[in-house]
Amino acid sequence: MKKSSLLLLILLSALGGFSQDGKTKADRSNSWALEPMNLHWLDRIDNSEKYFEWSDEIWYHTSVLPMIPHHTWKYKGGSEPVFFKPSPLQLTNRTTVTPPKYAFRLYPLFDMEAGIDIDSSGTRPLYTLGLGAAAEFKSKRWYLSAKLLPYTTDAPYVADSIQRNHGMDAGTTRPIIDQLYQRSEFTALFRPNRFFTLMGGYGKHFFGEGYRSLLLSDNASAYPYARMETSFGSIKYVNQYNIWNDNSVDPANKSQDRMKFSAMHCISWDVVRWFNISIFESVVWQYQDSLVNRGFDLHYLNPVIFYRPVEYGQGSADNVILGANTSFKMHRGHVLYAQFVLYEFLLSELRARSRWWGNKYGLQLGYKTNALLDSQLYVQAEFNVVRPFTFSHKTSTLSYGHLNASVTHPLGANFWEVLNIVSFQRKGDREKKLRFTNKLTWASFGVDSNATSFGQDIFKPYSFRPDDFNQKIMQGLRYNVMNEHFIVEYPIVKGIGLYANLTYNYRMAWTKYATAHEHYLLLGIRTRLWNKYTDY
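This structure is a prediction, so every number in the text was calculated from the model and none was measured.

A. Broad picture of the nonpolar core. The biggest cluster of nonpolar side chains holds 42 residues, and the ones touching the most others in it are Phe207, Leu216, Trp244, Met264, Phe280, Phe391 and Tyr400. Looking at this core, the elements that each hand over two or more residues are strand E9 (223–232), strand E10 (235–246), strand E11 (258–272), strand E12 (275–286), strand E14 (334–344) and strand E20 (435–447). Sorting elements by how many residues they give to this core places E20 first, with 3 residues. Excluding its chain neighbours within four sequence positions, the residues that come into contact with Trp244 are Leu216, Tyr223, Arg258, Met259, Lys260, Ser262, Met264, Val284, Tyr400, Gly401, His402 and Val407. Leu42, Tyr211, Tyr337 and Tyr533 belong to the second-largest nonpolar core, a separate cluster that totals 12 residues.

Dropping the structure here:
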């Protein structure tokens, strides 16, 4: 089945459930707030007031990303934002505060960086050269965007046992030719009324309040998807269907890729304005198994079912994952959050403390604030831990990953990590202010050998495990990694997310056999669009 036909089928089935538009006053005012917010981690810090805010009039579901507001953002001056932020590097039909019937803009995308890499073997130059374009269209009920950024790079890529990906740059696909890569995104969004939002295209998503996510993150390459968000009162319900690929047979040969599908749903409930609980479920199945070409399994298209009973009812061995997310906004500008992912477990083995390999789960705990030093200082601290073999399966086509990358944490499984982010920007006109950001991550993980899986590489079958019991976190050859990033950014054209940046990165990695130190110094200009996770 062709990808386009599959997406059309999903979109049409979702449209069938829409109610008619009541054309209320709330509908008309909310219809302008359609543009999905940027997933880039620094952009989320810049706009942190929108993720920390809670109101007596509006329900915020800040763990469902990209966030699509159901209202028009109000700023401290009380005025509404312009339809598209004006800038000298865009073409648009109108940039007034009063919304026109439609608007269109076209603007360039940049990813240009140069610097040096210093390690024990010497010094070598680094570069990334990318230039692309973006187009956006906005009307009362529609938002359409297309972004394409080809680039070439000779920057280093830190590989562990999960991402020895044979010439694939982090967060994107294999090269088009030689060292030429591309990042792209397409979004089509339609909101018929204030209850339903239909979204489809080619892109990435994120569930959670943290810097990392153990449910679904933007770590892997972009993929085709269809998504429906249903909002009523204090509840948001999300259904999403994705097309992923497995390229573990021969990463360099696209014809050897094997298609797989995933379906997921998440219900986010604001119990009170400042306390949220979200329940998440996902299932992965392969396009072709040993007996038949399954294609897209229509049983999983039902938006209000649990996947595990469907899997059992069909006698299949699909990969079902459960999760939960919660956040507690203690005070305006202070958030405690947690996330839990569960693949499978036996309570008897937990009580016996046998460290059974099949007890597979992960945990995230974190705190973040933007209320220090008169809202000039942003601070975030986070802890992540995932047991061995979580997200893996009996074949790589059933693993919780896409194109040789985990769709959750970059390290996959069999690790713990502590990270800290501190970001400062002087109060005042933020359109013209420098931002200083320090990000420190500390991780320990156990890597796999060629013949044995110790549970870190989620694409390696779990049948390659050394034993059924005494499976411990960080087993295998233990790596310890400290990764320090210090970033200075200056907005060139904030309306299109264009920034000048100076980055210093220090990475120290050590095992019981050796220690390695690397220093990177980079200067460039970049459009904030996509995250590229090499901070481990």
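B. Representation of the packing of aromatic side chains. Per the counting criterion, the structure on display carries 19 aromatic pairs. Ring geometry for Tyr223 against Trp244: centres 5.9 Å apart, planes inclined by 75°, an arrangement best described as edge-to-face. Of the two residues, Tyr223 is situated in strand E9 and Trp244 in strand E10; the sequence distance between them amounts to 21 residues. Each residue in the set Tyr223, Trp244, Phe391 and Tyr400 is aromatic and connected to the rest through ring pairs, giving one cluster. Taking the ring centre of Tyr51 as reference, the NZ or CZ of Arg44 above it sits at 6.0 Å.

C. Region of the structure containing the confidence of the model for the protein chain. Scored by pLDDT, the protein chain has a mean of 82; 81% of the residues are at 70 or more. In the model, residues 1–32 has pLDDT below 50 throughout and makes 61 contacts with residues more than four positions away in sequence or in other chains. Within the model, the stretch residues 72–83 combines pLDDT values under 50 with 30 contacts to residues more than four positions away or in other chains.

D. Broad picture of the side chain of Thr527. Structurally, Thr527 can be placed in strand E23 (residues 515–527). In contact with Thr527, other than residues within four places in its own chain, are Pro108, Leu109, Phe110, Ile496, Gly497 and Leu498.

E. A look at the environment of Ile68. Considering the arrangement of structural elements, one finds Ile68 in the loop between strand E1 (64–65) and strand E2 (91–92). Under the relative-accessibility criterion, Ile68 is labelled buried at 2%. Put simply, Ile68 and Glu35 are 33 residues apart on the chain and 6.4 Å apart in space, counted from C-alpha to C-alpha.

F. Structural context of the pairing of strand E5 (residues 142–153). Alternating residues of E5 divide into Tyr143, Ser145, Lys147, Leu149, Tyr151 and Thr153, all buried, and Trp142, Leu144, Ala146, Leu148, Pro150 and Thr152, none buried. Linking two consecutive strands that pair antiparallel, namely strand E4 (residues 122–139) and E5, is a turn of 2 residues. Of the strand pairs in this sheet, E5 and strand E6 (residues 180–190) are connected by 11 bridges, and their pairing is antiparallel. By the bridge assignment, Thr152 is partnered in E6 with Leu180.

G. Expanded view of the environment of Glu484. Residue position: Glu484 is located in strand E21 (residues 477–493). Sequence separation of Glu484 and Leu419 is 65 residues, and the distance between their C-alpha atoms is 9.9 Å. Setting aside its immediate chain neighbours within four residues, Glu484 contacts Asn438, Lys439, Leu440, Tyr504, Asn505 and Tyr506. Among the polar contacts listed, one links the side chain of Glu484 to the side chain of Asn438, at a separation of 3.2 Å.

H. Inspection of a nonpolar patch on the surface at higher detail. A cluster of nonpolar side chains, namely Ile116, Ile118, Leu434, Phe436, Phe486, Tyr490, Ile492, Leu502, Tyr504, Leu521 and Leu523, defines an oily patch on the protein surface of about 910 Å² accessible area. Secondary-structure elements contributing two or more residues to the nonpolar patch are strand E3 (102–119), E21, strand E22 (498–510) and E23. The element that contributes the greatest number of residues to the nonpolar patch is E21, accounting for 3 residues. Looking at where Ile116 falls in the secondary structure, it is placed in strand E3.

I. Structural context of the pairing of E14. When you tally the buried positions in E14, you get 8 out of 11 residues, the bulk of the element. The sheet contact formed by strand E13 (residues 319–331) and E14 spans 9 bridges and is antiparallel. Looking across to E14, one finds that Asn325 is bridged to Gln339. As consecutive antiparallel partners, E13 and E14 are separated by 2 residues, and within that stretch Gly333 has a phi angle of approximately 95°, a positive value. As defined by bridge partners, E14 adjoins strand E15 (residues 360–372) across 10 bridges and the pair is classed as antiparallel. Note on E15: the bridge partner recorded for Phe340 is Leu363.

Parameters at a glance
Every chain begins its residue count from 1, and numbering advances along the sequence as written. For a predicted model such as this one, the threshold for reporting local features is a pLDDT of at least 70, and the threshold for listing and counting side-chain atom pairs is 80 or more; totals across whole chains, interfaces and linings nevertheless cover every residue. Where side-chain values are given, they derive from all heavy atoms of the structure, hydrogens and water being excluded. Residues belong to one nonpolar core when they are buried, are Ala, Val, Leu, Ile, Met, Phe, Trp, Tyr or Cys, and are joined through side-chain atoms within 4.5 Å. Relative accessibility thresholds used throughout: buried, under 20% of the residue-type maximum; exposed, over 50%; partly exposed, between the two (1.4 Å probe, protein chains only). Per the convention used, a helix needs a DSSP run of H or I reaching at least four residues, while a strand needs a run of E reaching at least two, with both numbered from the N terminus. Note on contacts: a residue pair is in contact if any heavy atoms of the two residues lie within 4.5 Å. Geometry of aromatic contacts follows a simple scheme: Phe, Tyr and Trp rings, the Trp one being its six-membered ring, pair when their centres are within 6.5 Å, and the pair is stacked under 30 degrees between planes, edge-to-face over 60, tilted otherwise. Placement of a positive charge over a ring is assigned whenever Lys NZ or Arg CZ falls within 6 Å of the ring centre and within 35 degrees of the normal to the ring plane. Each residue carries a pLDDT score, the predictor's own confidence in it, on a scale running from 0 to 100. Strand pairing is assigned whenever DSSP identifies at least 2 bridges connecting the two strands. Here a polar contact means two N or O atoms within 3.5 Å. Within protein one must be a hydrogen donor candidate and the other an acceptor candidate, and residues neighboring in sequence count only if both atoms are side-chain atoms. Exposure above 30% relative accessible area and the lack of any salt bridge qualify a residue for a patch; like charges then connect within 9 Å, and the nonpolar side chains Val, Leu, Ile, Met, Phe, Trp and Tyr within 5 Å. Accessible surface is estimated by sampling points in the Shrake-Rupley manner with a 1.4 Å probe; for residues, cover comes only from the protein chains shown. In what follows, salt bridge is the name for a side-chain nitrogen of Lys or Arg lying within 4 Å of a carboxyl oxygen of Asp or Glu.

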